[in-house]
Amino acid sequence: MNTKNLKKLEFDKIREMLAKHAATEGAKELALSLMPSDDIDIVVRNQNRTEDAKRLAGQKGNPSFGSVRDISSACERADKGATLTPRELLDCAGVLRSARGLIEYIKSDRIFDTSLDEVFDRLIAKKEIETRIFKAVISEEMIADDASPQLLEIRQKIRKTNSKIADLMQKYTQGGSFSKYLQENIVTTRGGRFVIPVKSEYKNEVPGLVHDTSSSGATLFIEPMSVVQANNELRELQSREEYEIERILHELSTLVSSVSSIIVHDYENITYIAFVFACSELAYEMDAVRPEISEKGTVLLEKCRHPLIGKKAVPVTIEVGGDWSMLVITGPNTGGKTVSLKTLGLFSLMAQAGLQLPCERASVRVFDEIYSDIGDEQSIEQSLSTFSSHMVGIVSILRDMTDRSLVLFDELGAGTDPVEGAALAMSILEEVLLSRALCAATTHYAELKAFAIEREGVCNASCDFDVDTLKPTYRLIIGAPGKSNAFAISKRLGLPESIVERASGYVDSGNRSFEAVIEKLDKERYELQAEKDKAAELRREYEQFKREAEEELKRKLGNAEKEAETARQKARQIVDSARATSDFILKQLDEAKRAKDSSDFGEKLAQSKKNIKGSVHAYIESNKTEEKEDDYVLPRPLKKGDDVEHRSLGSRGTLLEDPDKKGNVTVQMGILKTKVNVSQLKLLSGTSVGEKNKLGSEKSYRKAVAKSFSPTLDVRGMVGDDAVFTVDKYLDEAIVAGIYSVTVIHGKGTGALRAALWGYLKKDKRVEAFRAGQYGEGDYGVTVIELKHK
């Protein structure tokens, strides 16, 4: 697409808005270089991916991308055998870590397949190489002691040698006989060797090697002979340390080289995934919807809002490409004509770039080019007036447009004689009609209003204006030409009525008649719109009444079915209980019959009678319990905060208020609030509804938690107990959200808060492992926690 047209329609500002949501530098570069596509398959694919990223973000939250940097040049250098710097190695490991995190993100808590799956499937994790680099390289300036056994041994020897030198230096600095020869009782270094500052007049009193002098010459920096050997050992060890670090870096660079193609492809795919999620974030910000895409369908933007105006934009509906292929928009200045024109062009560009549109419903075509003649491009250098500059652009448009193009004209034919300008405008629009391109044009010419009425395939539209307030309403009305309000506005602003009437007499009678017809049409349109609004309101009321009646009927049928089922269960219980009782009585009679001739017959008979009475009594009591449940009476009046159970539904909740005079009360049941009568409630004692109620279904609850869940928790400023309590709740939410790797920011400080948290995490059975942050994660100011999978 022509970059000049993109800028006229302010697509570059949309790219800047998109770039603000990009999580990585690479994604930001993709956003700023985004271009619309004229291939319908690519457009549909990009729209699918934006929609799926939006669904994933709503279900699981946005994935974490870390601080991913471009590693292409580093991998290329590694392939050529170069030794990478610690910074480059950390960047390569960071890409592998992000790739592993994204693989876990898409696989955990999977509910639906997406068009992004093929991009996620291209990611390859190399955890052993990632771990090896992060274990060896702590930061850009520091290699870990355990990067290799040799390095560990060398550094241990360096520490011992430093300690030996410090002991030898103490006799010079700790108030001994040499103290009077020193400028200061300190040890410093020159050329990597430990020295002491000796006054120049005492240089012969301290035998050793002079390494430097002060600028004044009053101080000599001398290495005492007693530490020369130790300093020599130290320099040798430092040289060995540098060599070993270089060897380690080369070894790690060779590892990177072995998987360089994987790392580069991971970086490219991570960058693209971050870009798609930036598109979804922009869609959330604009409250946008996915448009329907076609090659020859109607372009319909229902209640669309220009994204650069924001929430204060008045929604307008624009339609072109169905019964008409051309829209002629008229209306007063500052009424919104140009904004409507730009909205049509900009929304088409956004849709073809894979972005969603801020409107209630949208369907768009895929254009091969969007041409626009908007704004004044007069040039002193090229001797072009306003009219000439417009005509140069129009000539180019008429030459290049096709039946797949969208053409936008702002104030067509302006800047010259009105009669000739109107004639030229009609001829140009006729040419566009013949080419079968879609077109929208704004104008003030009455001739073009008539042209739109007379020509098939052309529709009038107007930007509404309130003459009483002298303010535009910014509403676009399809099907009606705009009326000139110059006389009405002038009169309203105080121009003498005699001047207005005289001016009206100068207007051609044909134009006066045309304006009168438009005024009559406007009046009828307002009346029809009022009737339509009234009918719509009545329909809404009817739909609401119908919906409430159906819900009430459904509720009553549901209650009746529940009551019937309860009655059936009770009947079955009574029958089962009666059968069990009768079986028991018969069994007791059989035993009594068998014991008739025994010596203790009387005792056994008495015991059988007692057993039978007990069984019958239990049966009666069980039925009484059932009856009592039906005739339940509240032990006391209910009050705000009571935990209750709905007797019909079995749902539990908490009273949000005291009952009113009729006994009605609002109850919080999970995520729902409902109004019920106290006669339907049973008081619970000692029961925590918060513990036993679940917020809706498990899926909806997990979705709600995941949408708001952040993989990072900041507890800086909290005391130990408060931080532990907050982390405990946070880990519960992480498991519910399906996130098994989280980061807690506690800061470095004195280390007390970190110690308290680590002591707690060691005992928590949900925790698989935890560690201090690595370079790029926050070092010892953060703790990374790995949770056990269910």
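Reference entry: report on the structure contained in this document.

Cut-offs applied
- Residues numbered from 1 in each chain as written.
- Predicted model: local features only at pLDDT ≥ 70, side-chain atom pairs only at ≥ 80, totals over all residues.
- Heavy atoms only, no water.
- Phe/Tyr/Trp six-rings, centres within 6.5 Å; stacked < 30°, edge-to-face > 60°.
- Helix = DSSP H or I, 4+ residues; strand = E, 2+ residues; numbered from the N terminus.
- Buried < 20%, exposed > 50% of the residue type's maximum accessible area, 1.4 Å probe, protein only.
- Lys NZ or Arg CZ within 6 Å of the ring centre and 35° of its normal.
- Expected span 1.5 Å × (residues − 1).
- Contact = heavy atoms within 4.5 Å.
- Pairing = 2+ DSSP bridges.
- Axes fitted to C-alpha atoms, helices over the stretch in contact; angles between N-to-C directions.
- Salt bridge = Lys/Arg side-chain N within 4 Å of Asp/Glu carboxyl O.

**What to know about the packing of aromatic side chains**
Turning to step 1, where the next piece is worked out: Applying the stated rule across the entire model yields five aromatic pairs.
Turning to step 2, where the next piece is worked out: Aromatic pair Tyr105 and Phe277: ring centres 6.3 Å apart, planes at 80°, arrangement edge-to-face. Of this pair, Tyr105 sits in helix H6 (residues 86-107) while Phe277 sits in helix H11 (residues 260-286), and the two are 172 residues apart along the sequence. This pair shows no difference in class: Tyr105 is buried, exactly as Phe277 is.
Turning to step 3, where the next piece is worked out: Each residue in the set Phe65, Tyr105, Phe120 and Phe277 is aromatic and connected to the rest through ring pairs, giving one cluster.
Turning to step 4, where the next piece is worked out: Above the face of the Tyr105 ring, Lys60 is positioned so that its terminal group lies 4.7 Å from the ring centre.
Turning to step 5, where the next piece is worked out: The cationic tip of Arg754 hangs over the ring face of Trp758; the distance from NZ or CZ to the ring centre is 5.7 Å.

**Quick word on helix H9 (residues 149-173)**
Turning to step 1, where the next piece is worked out: With 25 residues, H9 extends 36 Å from end C-alpha to end C-alpha; this agrees with the ideal 36 Å at 1.5 Å per step.
Turning to step 2, where the next piece is worked out: For H9, the set of buried residues is Leu151, Ile154, Arg155, Ile158, Thr161, Ile165, Met169, Tyr172 and Thr173.
Turning to step 3, where the next piece is worked out: Contact partners of the buried residues in H9: strand E2 (142-143), strand E4 (193-199), strand E6 (219-224) and helix H10 (228-258).

**Re the sheet that holds strand E24 (residues 767-772)**
Turning to step 1, where the next piece is worked out: Judged by pairing direction, the sheet is mixed, and its four strands sit side by side in the order E22-E23-E25-E24 without closing on themselves. Pairing within the sheet leaves two strands with one partner each, and these edge strands are strand E22 (712-714) and E24. Direction aside, the axes of adjacent strands within the sheet are offset by 20° on average.
Turning to step 2, where the next piece is worked out: Both strand E23 (residues 741-745) and strand E25 (residues 782-787) contribute to a ladder of five bridges, which runs antiparallel. The residue bridging Val744 from the neighbouring strand is Thr783, located in E25.
Turning to step 3, where the next piece is worked out: Running at roughly 155° to E23, helix H22 (residues 720-737) makes contact with E22, E23, E24 and E25 of the sheet.

**A few points about the sheet that holds E6**
Turning to step 1, where the next piece is worked out: Strands sit in the order E3-E4-E6-E5 across an open sheet of four strands; the sheet is antiparallel. Edge strands, defined here as strands with exactly one partner in the open sheet, are strand E3 (188-190) and strand E5 (208-213). Strand-to-strand, the axes of this sheet are offset by a mean angle of 50°, without reference to chain direction.
Turning to step 2, where the next piece is worked out: Bridge count for E4 against E6 is four bridges, and the pairing is antiparallel. Along E6, the bridge assignment pairs Val198 with Leu220.
Turning to step 3, where the next piece is worked out: Strands in contact with H9 are E4 and E6; relative to E4, the strand with the most contacts, it is inclined by about 5°.

**Here we look at the pattern of salt bridges**
Turning to step 1, where the next piece is worked out: With the rule as written, the count across this model stands at 38 salt bridges.
Turning to step 2, where the next piece is worked out: Notably, a salt bridge pairs Asp117 with Arg110, separated by 2.5 Å at the nearest N-O pair.
Turning to step 3, where the next piece is worked out: Ionic contacts of the salt-bridge type, sharing partners, join the residues Arg69, Arg87, Asp91 and Glu140 into one network.

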